[in-house]
Amino acid sequence: MLPDFLSAEGERRCRRLLAGATARYRARPAAAAVLVPLCLVHGAPALLYTLRSSRLAGKHKGDVSFPGGKCDPTDRDVVHTALRETLEEVGLLVPEQHVWGILQPVSDQRKFTVVPVLASVGPLDPQSLRPNREEVDEVFALPLAHLLQAQNQGYTHFCQRDHSQYTLPVFLHGPHRIWGLTAIITEFTLQLLAPGTYQPCLAGFRLPGS
């Protein structure tokens, strides 16, 4: 039986575990921030994702992501960036007090750093959201129960031109494949929410402060 991820006890535990990373990274400059929205869909805990518009420029168009974007000079901190971008992209207003904390930042090969901000957004119908069609093609949720099933988890191995290799998680069998930085952030989130159920297979995947 899965734990009650949205219980008051679960929230306190997550806030406590994330307190150090939140204090460390909140005011630190970063390239971008995303919101990791923990929601209830038909009574089941889930994570909310977006499908980036196929009309966007760049190699990540059409990819699955969490709502978020580049930090603006007028943003107070990365939490403000994540909340602002979520409102702009999907029309979801998340009060700052619903933020549980900051997960470990992730970087791509260009050293572009993304800071994930975990928040509970409560009961939600993804179909009721009105995404900005210039940025988002689709909004969808995946139940944590789905993400925690071993048959929906995998890993992709990459070999670069200099013959160096690396491995990244991938989550399968949902509406869209989740890979790249979004899969890494998903892995961090599952490790935080369900440490007794989810065990990442990649060395070096650790909770902030652990």
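Residues numbered from 1 in each chain as written. Predicted model: local features only at pLDDT ≥ 70, side-chain atom pairs only at ≥ 80, totals over all residues. Heavy atoms only, no water.

### Some words on the nonpolar core
One recurring pattern in soluble globular proteins is that nonpolar side chains are buried together.
Logical step 1: Counting 34 residues, the largest nonpolar core has L47, Y49, L144 and L147 as its most contacted members.
Logical step 2: By residue number, the principal contributor to this core is helix α4 (residues 180-193), which donates seven residues.
Logical step 3: Excluding residues within four positions of it along the chain, Y49 makes contact with V64, S65, F66, E138, V139, F140, L142, L147, I178, T182 and T186.
Logical step 4: With 25 residues, the next largest nonpolar core counts L35, L48, V121 and V139 among its residues. (Core = buried A, V, L, I, M, F, W, Y, C linked by side-chain atoms within 4.5 Å. Buried < 20%, exposed > 50% of the residue type's maximum accessible area, 1.4 Å probe, protein only. Helix = DSSP H or I, 4+ residues; strand = E, 2+ residues; numbered from the N terminus. Contact = heavy atoms within 4.5 Å.)

### Quick look at the confidence of the model for the chain
Logical step 1: Residues with a pLDDT of 70 or more make up 86% of the chain, whose mean pLDDT is 87.
Logical step 2: Below a pLDDT of 50 lies the segment residues 203-210, which in the model reaches 19 contacts outside its immediate sequence neighbourhood of four places, other chains included. (pLDDT = per-residue confidence, 0-100.)

### Notes on the environment of A119
Logical step 1: Its location among the elements puts A119 in strand β7 (residues 113-123).
Logical step 2: Since its relative accessible area comes to 0%, A119 is described here as buried.
Logical step 3: For the pair A119 and L83, spaced 36 residues apart in sequence, the C-alpha to C-alpha distance is 9.5 Å.
Logical step 4: Ignoring any residue separated from it by four or fewer positions in sequence, one finds A119 in contact with L35, V36, P37, L38, V94, H98, V99 and W100.

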